[in-house]
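# What the coordinates show
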Amino acid sequence: MRGLNLKCEMKPRRHARSLTHVIAGFATGGTEMMTLRLVRHWSGAVPQRVIALGSDRGALREVFEASLPNRISSLGLRDVGGQKAFRAVSAAFRSDRTDALLMNLFGRHHLAVALAARAASVHSFFSWAGNPPPKGLAARVPWAAVVAGSSAIGCPVAACSETVMSGLRELRVKLPPGSCVIENGVDVDDIASRASLARRS
């Protein structure tokens, strides 16, 4: 899948015990679709798992299950900031001996998940930023706090574009070491297959 490793390397290591993807839920959003593409792209390269922080329901739940049978779960959390949620997330990582973690989240939720990952001795983790910071000064303050928190706990941020990365830099807060741009991947084989089917129909 093109576009995954243009600016920095984030392929799962061959000797990784497990790669866990964390998403908010199973809705048909862009983040969930990107996670689904990554799951399919890395199929066979490393054992994978998908954890949804929220409800088990959603239009993509069965699609994820079909792509990764018996490796999809949800924690049913309404908030990830409390001790109960912290213990649940840490336990989920420990139960599968998660070695690498990709959080398709950005904000206070990814900070809480990263802290739980550190407590569970997860070897490496990234958070994916899919949108630039807002323009208003008051709205940018929480974003700056999130970036500062990411630096404090050593959680690199992968921006989906140069525009998003530039916006994060403009917050004037030091980005975590290892932060980089990884442009959203495009499954060209799937596009070609769909186009071929359309031409034949």
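Now for a description of the structure that goes with this document. For every chain, the first residue of its written sequence is number 1, and the numbers climb from 1 along that sequence. For a predicted model such as this one, the threshold for reporting local features is a pLDDT of at least 70, and the threshold for listing and counting side-chain atom pairs is 80 or more; totals across whole chains, interfaces and linings nevertheless cover every residue. Values shown for side chains rest on all heavy atoms present in the structure; no hydrogens or waters enter the calculation.

This part takes up the sheet that holds strand β3 (residues 72-74). Taken in spatial order, the seven strands make up an open sheet running β3-β2-β1-β4-β5-β6-β7, and their pairing is parallel. Where the open sheet ends on each side, the last strands, each with one partner, are β3 and β7 (180-181). Strand pairing is defined by DSSP finding a minimum of two bridges between the two strands. Helix and strand assignments come from DSSP, with helices taken as H or I runs of at least 4 residues and strands as E runs of at least 2, each series counted from the N terminus. By the bridge criterion, five bridges tie strand β1 (residues 19-23) to strand β2 (residues 48-52) in an arrangement that is parallel. Directly across from L19, in β2, lies its bridge partner Q48. Contacts are residue-level and defined by heavy atoms, with any inter-residue pair within 4.5 Å sufficient. Angles here are taken between N-to-C directions and fall from 0 to 180 degrees, while the axes themselves are lines fitted to C-alpha atoms, restricted in helices to the stretch in contact. Seen against the sheet, helix α3 (residues 83-95) touches β1, β2 and β4 (100-103) and runs at an angle of roughly 165° to β2.

Moving on to helix α6 (residues 162-169). Per-residue accessibility, obtained with a 1.4 Å probe over protein chains only, is compared with the maximum for each type, and a residue is labelled buried under 20%, exposed over 50%, and partly exposed between these values. Looking at α6, one finds that the buried residues are V164, M165, G167 and L168. The buried residues of α6 occupy an angular sector of 160° when the element is viewed end-on, so they sit on one face. In this structure, the buried side of α6 is in contact with β5 (124-129), α5 (137-153), β6 (157-159) and β7. Arc, as used here, means the arc of the directions from the helix axis to the C-beta atoms.

On to unusual backbone geometry, then. Of note in this structure, N70 is not a glycine but carries a positive phi near 65°. With respect to the element layout, N70 can be found in the loop between α2 (61-67) and β3. A positive phi angle is found at R172, which is not glycine, with a value near 65°. Take R172: it is sitting in the loop between α6 and β7.

It is worth spelling out the packing of aromatic side chains at this point. In this analysis, rings of Phe, Tyr and Trp, with Trp reduced to its six-membered ring, are considered paired at centre separations within 6.5 Å, and the interplanar angle assigns stacked below 30 degrees, edge-to-face beyond 60, and tilted for intermediate values. On inspection of all chains with the given rule, the structure shows two aromatic pairs. When the centroid spacing of 5.3 Å and the interplanar angle of 40° are considered together, the rings of F106 and W143 count as tilted. You can see F106 sitting in the loop between β4 and α4 (108-119) and its partner W143 sitting in helix α5, a full 37 residues away along the chain. Two conditions define a charge located above a ring, namely a distance within 6 Å from the ring centre to NZ of Lys or CZ of Arg, and an angle within 35 degrees of the ring normal. The ring centre of F26 lies 5.4 Å from the NZ or CZ of R61, which sits over that ring.

The term disulfide is used for any two cysteine sulfur atoms that are within 2.5 Å. Using the criterion set out here, one finds zero disulfides in the structure. Of all cysteine sulfurs in the structure, the one in C180 sits closest to C155, which takes part in no disulfide; the separation is 12 Å. For C155, a relative accessible area of 0% corresponds to the buried category. The thiol of C160 is unpaired, and the distance to the nearest cysteine sulfur, on C180, comes to 12 Å. The class of C160 is buried, set by a relative accessible area of 13%.

Glancing now at the nonpolar core. We call a set of buried Ala, Val, Leu, Ile, Met, Phe, Trp, Tyr and Cys residues a nonpolar core when their side-chain atoms join them within 4.5 Å. Ranked by internal contacts, the top residues of the largest apolar core, which has 25 residues, are L38, L102, W128, V164, L168 and L171. Among the elements of the structure, α1 (30-41), β4, β5, α5, β6, α6 and β7 are those that each provide at least two residues to this core. The contact partners of V164, leaving out residues within four places of it in the chain, are A129, G130, N131, P132, P133 and A159. Counting 24 residues, the second-largest nonpolar core is a separate cluster that includes L77, V80, V89 and A92.

A side chain with one charge may pair with a side chain of the opposite charge, provided their charged atoms come close. For this document, the term salt bridge refers to a Lys or Arg side-chain nitrogen within 4 Å of an Asp or Glu carboxyl oxygen. Evaluated as defined, the whole model comprises four salt bridges. One salt bridge connects R61 with D56, and the closest N-O pair in it is separated by 2.7 Å. Residue classification places R61 among the buried residues on the basis of a relative accessible area of 17%. Accessibility expressed as a relative area gives 36% for D56, which makes it partly exposed. D96 serves as the salt-bridge partner of R71, at 2.6 Å between the closest nitrogen and oxygen. Of the two residues, R71 sits in the loop between α2 and β3 while D96 sits in the loop between α3 and β4, which places them 25 residues apart along the sequence.

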